[in-house]
Amino acid sequence: MQPSDTPLRPVIFYPDIPAIKFIAQTRLPEEYHEETAHDIKRLAEAIRCLDIRGAPALGVAGAYGIALAALTATASEPEKFREEVSNAADLLRSTRPTAVNLFYGIDRVLTAVLAEQTVSSARERAVSEAEEVADDDSRTCHAIGEHGRNILPPSCRILTHCNAGALACREWGTALGVIRSGVQAGVKVQVYACETRPLLQGARLTSWELAQDGIDVTVITDSMAASLMRKGMIDVVIVGADRITKDAVFNKIGTYMHAVCADAHHIPFYVAAPFSTFDEESAEADIIVEERSRDEIACFGGRKTIPDGVKVYNPAFDATPVSLVTGIITEHGIFRLPEDLSDIRAIRQRS
Ligand code: MRU
């Protein structure tokens, strides 16, 4: 079990070992199990298999990963050392293409490392910059919660998709951060968590972490969402994001379907995400959507569900046009696209 007096943190860095400890999320909810990565290869594996997942948590893992690479690099000559750390960055970048936060975390620490003249100063800088990335994410999620709680009516039934909670960030969460901050402020909340086929992040993870906090949560299958909306059982939809371009929000496959249904039923559809998820100079068409393996769909509960030889299409994310998004809840307030694009650009340039 996760100890109840500490914040739920999916990824923790121990520079003195050096190592990165992470919750093996694929094992939840049957088992709360922590594993340790002592090198970048193990960290990359954990990201690929989704033991570490969720855009902001990927950003933190990427940042910690570069710091780990700096601490474990064998080269003592600065040029060779930089090459080793840059190769580690390439390996981490190759794990998952869609969540932009991964690249943000990697690049922030790598830039800091490459600016240093000596190996020892680069190591020191890598550790402090990685901790800064993680601390920024904690602060950001709490700020998202504070801004987002204002959109919740005093009693509120919320639909969410996938897991945009503490498990997907450094702590607290984005979409679930809004819910947690709402509950703290006295909002009476009822959450409907879509199970999120095929890997069930909603059923396995969102329900697990909300239940741990004593927040009322009910799991539904993804295909039930429209019916609940039609029956008047949903007041607001709040989801996270993996990347926000100038024209679309990329998030877990199925999100677009909820946005279309929310629009049809006049239900507000909010995205909660940090500024590090914006990729506002890109457009939907520029983005690579990760395609995952056949097995994730062709087997269920240990049984084969699709005959051999039958094709499977398994994109991990979809794009929701910004016209369907009521607002994007960030650490700097709530924005709309395309109206607020220049404000978003200005804030991103300042930070
Ligand atoms: O494939 P995953 O589990 O990494 O997908 C995660 C999501 O789609 C989340 O909704 C998104 O990363 C936002 S997390 C705050």
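Residues numbered from 1 in each chain as written. Predicted model: local features only at pLDDT ≥ 70, side-chain atom pairs only at ≥ 80, totals over all residues. Heavy atoms only, no water.

Student: I'd like a rundown of the sheet that holds strand β9 (residues 248–252), residues and numbers included.
Tutor: If you trace the three strands from one edge of the open sheet to the other, you get β8-β9-β13, paired in antiparallel fashion. Both edges of this open sheet fall to β8 (243–244) and β13 (317–321), since each of them pairs with a single strand only. The pairing of β9 with β13 spans five bridges and is antiparallel. Within the sheet, the bridge partner assigned to valine 249 lies in β13 and is threonine 320. Along the sheet, helix α9 (residues 255–264) makes contact with β9 and β13, crossing β13 at roughly 30°. (Pairing = 2+ DSSP bridges. Helix = DSSP H or I, 4+ residues; strand = E, 2+ residues; numbered from the N terminus. Contact = heavy atoms within 4.5 Å. Axes fitted to C-alpha atoms, helices over the stretch in contact; angles between N-to-C directions.)

Student: Tell me what's going on with the environment of proline 338, and back it up with residues and numbers.
Tutor: Tracing the backbone shows proline 338 in the loop between β15 (333–335) and α11 (341–350). Taking C-alpha positions, proline 338 is 8.3 Å from serine 323, a pair spaced 15 residues apart along the chain.

Student: Describe in detail unusual backbone geometry, supporting the description with residues and values.
Tutor: Of note, the bond from leucine 28 into proline 29 is cis; its omega dihedral lies within 30 degrees of zero at 5°. Mapped onto the elements, proline 29 comes out in the loop between β2 (19–23) and β3 (34–37). Residue proline 338 follows leucine 337 across a cis peptide bond; omega there is 5°. For histidine 266, which is not glycine, the phi torsion reads 55° and is therefore positive.

Student: Residues and numbers for the packing of aromatic side chains, please.
Tutor: The final tally for this structure, using the stated rule, is four aromatic pairs. When the centroid spacing of 5.6 Å and the interplanar angle of 75° are considered together, the rings of phenylalanine 275 and phenylalanine 335 count as edge-to-face. You can see phenylalanine 275 sitting in the loop between β10 (269–272) and α10 (295–298) and its partner phenylalanine 335 sitting in strand β15, a full 60 residues away along the chain. Judged by relative accessible area, phenylalanine 275 falls into the buried class, the value being 4%. Taking the relative accessible area as the measure of exposure, phenylalanine 335 reaches 8% and is therefore buried. Chaining the aromatic ring pairs together yields one cluster made of Phe275, Phe278 and Phe335. Between the NZ or CZ atom of lysine 252 and the centre of the ring of phenylalanine 317, over which it lies, the distance is 4.4 Å. (Phe/Tyr/Trp six-rings, centres within 6.5 Å; stacked < 30°, edge-to-face > 60°. Buried < 20%, exposed > 50% of the residue type's maximum accessible area, 1.4 Å probe, protein only. Lys NZ or Arg CZ within 6 Å of the ring centre and 35° of its normal.)

Student: Describe helix α3 (residues 78–93), listing the residues and the values that go with them.
Tutor: For α3, built from 16 residues, the straight-helix expectation of 22 Å at 1.5 Å per residue is met to within 8% by its first-to-last C-alpha distance of 22 Å. What α3 keeps buried is the set Phe81, Arg82, Val85, Ala88, Ala89 and Leu92. End-on, the buried residues of α3 take up no more than an arc of 120°, which puts them together on one face. Looking at the buried side of α3, the elements it contacts are α1 (40–48), α2 (55–72), α4 (100–114) and α5 (119–149). (Expected span 1.5 Å × (residues − 1). Arc of directions from axis to C-beta.)

Student: An account of the nonpolar core is requested, with residue identities and associated values reported.
Tutor: Formed by 43 residues in total, the largest nonpolar core has its most connected members in Ile52, Ile66 and Phe81. At the level of elements, β1 (11–14), β2, α1, α2, α3, α4 and α5 are the ones that each hand at least two residues to this core. Looking at this core element by element, the count peaks at eleven residues for α2. Discounting residues that sit within four places of it in the chain, isoleucine 66 has contacts with Val85, Ala89, Leu92, Ile106, Val109, Leu110 and Val113. If you look at the next biggest cluster of nonpolar residues, it comprises 31 residues, including Val239, Val271, Phe275 and Leu341. (Core = buried A, V, L, I, M, F, W, Y, C linked by side-chain atoms within 4.5 Å.)

Student: Requested: an account of the sheet that holds β3, with residues and values cited.
Tutor: The sheet built from three strands is open, its strands ordered β1-β2-β3 with antiparallel pairing. The open sheet has two free edges, formed respectively by β1 and β3, since each of these has just one partner strand. Across the sheet, the mean angle from the axis of one strand to that of its neighbour is 25°, orientation sign disregarded. In this structure, β2 lies alongside β3, joined through four bridges in antiparallel fashion. Each bridged residue has a counterpart across the sheet, and for lysine 21 the counterpart in β3 is threonine 36. Running at roughly 135° to β3, α1 makes contact with β2 and β3 of the sheet.

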